[in-house]
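Coordinate analysis (summary)
Residue-level listing of the chains:
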Amino acid sequence: MRVDFYQVSRDPVPEIVALLARNTLKAGERLLVVADRPDLREAIGEALWRAAPADSFLANGQAGDPHAERQPVLLSDRPDPANGARFCVLADGVWREAEGFERTFLVFDEATLEAARACWRMLGERDGLERHFWKQDGGRWIRAA
């Protein structure tokens, strides 16, 4: 499993999630986006609809809605991929143990920085897990670790 840590400094979380979703779908994968707060999930859903070029969109839906299993991007409050996703974004900066994901993105900000650092150390003790740390540098992402 691979875990990518994304430290938010410039762009809002919903915009970063939309970027990750676009790249995930380009790779032919489905995505589960997890956040406890309903308002954050709603903002992410809106950003997904706005993120694509005018001739397309990043289709998404909420877990528990009809046809959730069909959604290429599913928004949920728990790491249960009803849409069969193998990629997961933890959009609220809170690590959750989940089985079956090939790649997980932990998006965190200043408020969740210490928890992300603790998670980095904890995951570093696990065998077979690859970690990457990304931070914003102006308008681009650079790999910091």
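We now turn to the structure provided with this report. This one's a predicted model, so the numbers in the text were calculated from it and none came from an experiment.

**Concerning the packing of aromatic side chains**
- Scanning the entire structure with this criterion turns up seven aromatic pairs.
- The interplanar angle of 55° and the centroid separation of 6.1 Å between the aromatic rings of Tyr-6 and Phe-105 together place this pair among those described as tilted. In this pair, Tyr-6 sits in strand S1 (residues 2-7) while Phe-105 sits in strand S6 (residues 103-108), placing the two residues 99 residues apart along the sequence.
- Site record: aromatic cluster; members linked through ring pairs are Tyr-6, Phe-87, Phe-105, Trp-134 and Trp-141.
- One cation-aromatic arrangement involves Arg-131 over Trp-120; the distance from NZ or CZ to the ring centre is 4.0 Å.

**Concerning the sheet that holds strand S7 (residues 130-137)**
- Taken together, the eight strands give an open sheet; going across it, the order is S3-S4-S2-S5-S6-S1-S7-S8, and neighbouring strands pair in mixed fashion. A strand with exactly one partner marks an edge of an open sheet, and here the two such strands are strand S3 (60-62) and strand S8 (140-143). For this sheet, the mean angle separating the axes of adjacent strands, direction not counted, is 25°.
- Here strand S2 (residues 31-34) pairs with strand S5 (residues 87-90) via four bridges, running parallel. Residue pairing for S5: Leu-31 is matched across the bridge by Phe-87.
- Against the sheet, helix H2 (residues 38-51) engages S2, S3 and strand S4 (73-76), with an angle of about 165° to S4.

Cut-off values and rules
- Residues numbered from 1 in each chain as written.
- Predicted model: local features only at pLDDT ≥ 70, side-chain atom pairs only at ≥ 80, totals over all residues.
- Heavy atoms only, no water.
- Phe/Tyr/Trp six-rings, centres within 6.5 Å; stacked < 30°, edge-to-face > 60°.
- Helix = DSSP H or I, 4+ residues; strand = E, 2+ residues; numbered from the N terminus.
- Lys NZ or Arg CZ within 6 Å of the ring centre and 35° of its normal.
- Pairing = 2+ DSSP bridges.
- Axes fitted to C-alpha atoms, helices over the stretch in contact; angles between N-to-C directions.
- Contact = heavy atoms within 4.5 Å.

All we've got here are geometric facts, nothing functional implied.
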